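The lines below spell out each chain.
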Amino acid sequence: MARVVLEGLRKTYPNGFQAIHGVDVEIEEGEFLVLVGPSGCGKSTLLRMIAGLESITEGQLSIGDRVVNNLEPSERNIAMVFQNYALYPHMSVYKNMAYGLKIMGLPKAEIEERVRKAAAILELTDEQLTRKPRQLSGGQRQRVAMGRAIVREPSVFLFDEPLSNLDAKLRVQMRLEIKTLQANLGITSIYVTHDQVEAMTLGHRLMVLNAGNVEQLGTPIELYQRPASLFVAGFIGSPAMNFADARIDAAGKNITISGQAALPLGDGGMLEHGGRDVILGIRPEHLELVADAPDAVPMTVSVVEQLGADTLVHGHFGESKSNLTVRLDGIRHIKRGETLPIRVTPDHLHVFDPKTEKRL
């Protein structure tokens, strides 16, 4: 295990494009940090900088008690698991896992011990160790890729979207296996994904990246409950948070959506923002279907998605053109064009500045 510290890390390419805009984070020993964001946000570039596969333009990177800016990847005591497995097709599973140790010059007996130990952890059978990668399923190949990393006994694991090539059911299974593996081994891990569900379930902390900038760093629950920006609010959570143009009344006590629905602001209101135009965010699961409630707002239904355990209802309030999604428990027999009484819980409102897009 090792502590990883990034101080003012920047990456600028020769054409002037700046991919990473100064990242500062301390990753503690044994921590599982997930870098999450949309394609092109810089998360894989940042991971490759940590691995030594991309040069660092500015800043300092420390792994353990060493500054590793100018060290080769092989000198950083890290192990990386790639999206495409990166296995040698002509070698058996055993030889794929043992190859790196052989290059390191370890004794044959130690190589055997490490490979067998990793295979046991990953539930790879003796018969599977004799196979070629093409004879394995996608999940088994990813286990081999992780086994190749485990046998090196690194200070840090780096994962670059390792589950992207798997089907949905296998992704869920492998996600649980990776989380269990990391907890059992206790190795500091940095994991890149664009899947926010994957990020929420795996990471001790999440770092949300947007165009090379860190939008927010915190635990999954912190990011879910108090997103720091409009970007984080829309990215974390499934289905995505609802957004609508709104205005806080002069007294700072109520918020009105597109001049239609007036909602009370909890916790004493927002007196300092009275009279301001804002963007209101409400998560689909924080909207309730209630009959005969005085504070209910009528929502016109446009689309209904039956998911079995949940029902997603899409529509809009009054004349508002802002799309709205409501998440209801169980199977609901709701039709397009129907009007539903929806209640918004004041404690779950998120208010953002439309100019800075920061949380108010």
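Predicted, not measured: the structure shown is a model, and the values here were computed from it.

### Points about the environment of Thr339
Here's step 1: Within the element layout of this structure, Thr339 appears in strand S19 (residues 339-344).
Here's step 2: The class for Thr339 is partly exposed, based on a relative accessible area of 49%.
Here's step 3: Ignoring sequence-local partners within four residues, the contact set of Thr339 consists of Pro298, Met299 and Thr300.

### Things to note about the sheet that holds strand S5 (residues 66-67)
Here's step 1: The antiparallel open sheet is built from 4 strands, whose spatial order is S2-S1-S4-S5. Looking along the sheet, the strands with just one partner apiece sit at the ends: strand S2 (18-27) and S5.
Here's step 2: As paired elements, strand S4 (residues 58-63) and S5 share 2 bridges and run antiparallel to each other. Considered in S5, the bridge of Ile63 is made with Arg66.
Here's step 3: Each of strand S1 (4-12), S2 and S4 is contacted by helix H1 (residues 43-51), which is oriented at about 120° to S1, the strand it contacts most.

### So, the UniProt feature "domain: ABC transporter" (unreviewed entry) in the protein chain
Here's step 1: When the UniProt feature table is mapped onto this chain, "domain: ABC transporter" (unreviewed entry) is found at residues 4-236.
Here's step 2: Secondary structure across residues 4-236 divides into 38% helix and 25% strand, with the first and last C-alpha atoms of the span separated by 25 Å.

### Observations concerning empty space enclosed by the protein
Any empty space left between the atoms is revealed when a probe the size of a water molecule rolls over them.
Here's step 1: Summed over the entire model, instances satisfying the criterion amount to 1 cavity of 30 Å³ or more.
Here's step 2: In this structure, the largest cavity spans a volume of roughly 70 Å³.
Here's step 3: Lining the largest cavity are 10 residues, and of these Phe243, Ala244, Ile257, Phe317 and Leu324 sit closest to its centre.
Here's step 4: For the lining of the largest cavity, the elements supplying multiple residues, two or more each, are strand S11 (242-248) and strand S14 (277-282).
Here's step 5: The dominant element in the lining of the largest cavity, judged by the number of residues it contributes, is S11, at 3 residues.
Here's step 6: Here the residues of the lining of the largest cavity are counted per class, giving 7 nonpolar, 3 polar and no charged.

Parameters and conventions
- Residues numbered from 1 in each chain as written.
- Predicted model: local features only at pLDDT ≥ 70, side-chain atom pairs only at ≥ 80, totals over all residues.
- Heavy atoms only, no water.
- Helix = DSSP H or I, 4+ residues; strand = E, 2+ residues; numbered from the N terminus.
- Buried < 20%, exposed > 50% of the residue type's maximum accessible area, 1.4 Å probe, protein only.
- Contact = heavy atoms within 4.5 Å.
- Pairing = 2+ DSSP bridges.
- Axes fitted to C-alpha atoms, helices over the stretch in contact; angles between N-to-C directions.
- UniProt positions renumbered as here; feature names shortened; annotations may be inferred.
- 1 Å grid on protein atoms, 1.4 Å probe; cavity = no way out; pocket = protein on both sides within 12 Å on 5 of 7 lines; lining within 4 Å.
- Points joined across faces, edges and corners; volume = space filled by probe spheres on them.
- Nonpolar A, V, L, I, M, F, W, Y, C, P; charged D, E, K, R; others polar.

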